[in-house]
Amino acid sequence: PYTTLFRSRDVFVDEIVIDDPEKFIQDKFKGKEVSYEKTVLEDGTIIFDIVTSQIKQRYSFTEI
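Residues numbered from 1 in each chain as written. Predicted model: local features only at pLDDT ≥ 70, side-chain atom pairs only at ≥ 80, totals over all residues. Heavy atoms only, no water.

A. View of the side chain of Gln57. Looking at the element boundaries, Gln57 is found in strand β4 (residues 55–63). For Gln57, a relative accessible area of 17% translates into the label buried. A distance of 3.1 Å separates polar atoms of two side chains, one belonging to Gln57 and the other to Tyr59. (Helix = DSSP H or I, 4+ residues; strand = E, 2+ residues; numbered from the N terminus. Buried < 20%, exposed > 50% of the residue type's maximum accessible area, 1.4 Å probe, protein only. Polar contact = N/O pair within 3.5 Å; in protein donor to acceptor, adjacent residues only side chain to side chain.)

B. Representation of the pattern of salt bridges within the structure. Per the stated rule, a full pass over the model turns up 3 salt bridges. Across the pair Arg58 and Asp49 runs a salt bridge whose closest N-O atoms are separated by 2.6 Å. The class of Asp49 is partly exposed, set by a relative accessible area of 27%. (Salt bridge = Lys/Arg side-chain N within 4 Å of Asp/Glu carboxyl O.)

C. Summary view of the pairing of strand β2 (residues 34–40). When β2 meets strand β3 (residues 46–52), the two strands line up antiparallel, connected through 7 bridges. Residue pairing for β3: Lys38 is matched across the bridge by Phe48. Two successive antiparallel strands, β2 and β3, enclose a turn made up of 5 residues, where Gly44 displays a positive phi of approximately 95°. (Pairing = 2+ DSSP bridges.)

D. Fine view of the side chain of Thr45. Locating Thr45 in the fold gives a position in the loop between β2 and β3. Assessed through its relative accessible area of 8%, Thr45 is described here as buried. A distance of 2.8 Å separates a polar atom in the side chain of Thr45 from a polar atom in the side chain of Asp43. Beyond its immediate sequence surroundings of up to four residues, Thr45 is in contact with Thr39, Val40, Ser60, Phe61 and Thr62. (Contact = heavy atoms within 4.5 Å.)

E. Quick peek at the environment of Val17. Mapped onto the elements of the fold, Val17 is located in the loop between β1 (2–7) and α1 (21–28). A relative accessible area of 57% means that Val17 is categorised as exposed.

F. Geometry of unusual backbone geometry. A positive phi is found at Ser53, a non-glycine position, where the angle reads about 55°. The backbone of Gln54 shows a phi angle near 60°, a positive value even though the residue is not glycine. With relative accessibility at 80%, the residue Gln54 sits in the exposed group.

In structure tokens form, the structure reads like this:
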């Protein structure tokens, strides 16, 4: 399972438990024009930098 902190141009923090961060991102933005870049840090944190509707967002997932 992973937890995530949601961030966008305003800062929002939510903690959720999921099994597949990339599927979560794909499902969340399904049907929308979106591009994203995935980065995996040395500590295992997965970061998605997302652009949709000309708004940049960052989702950070940390394995628990």
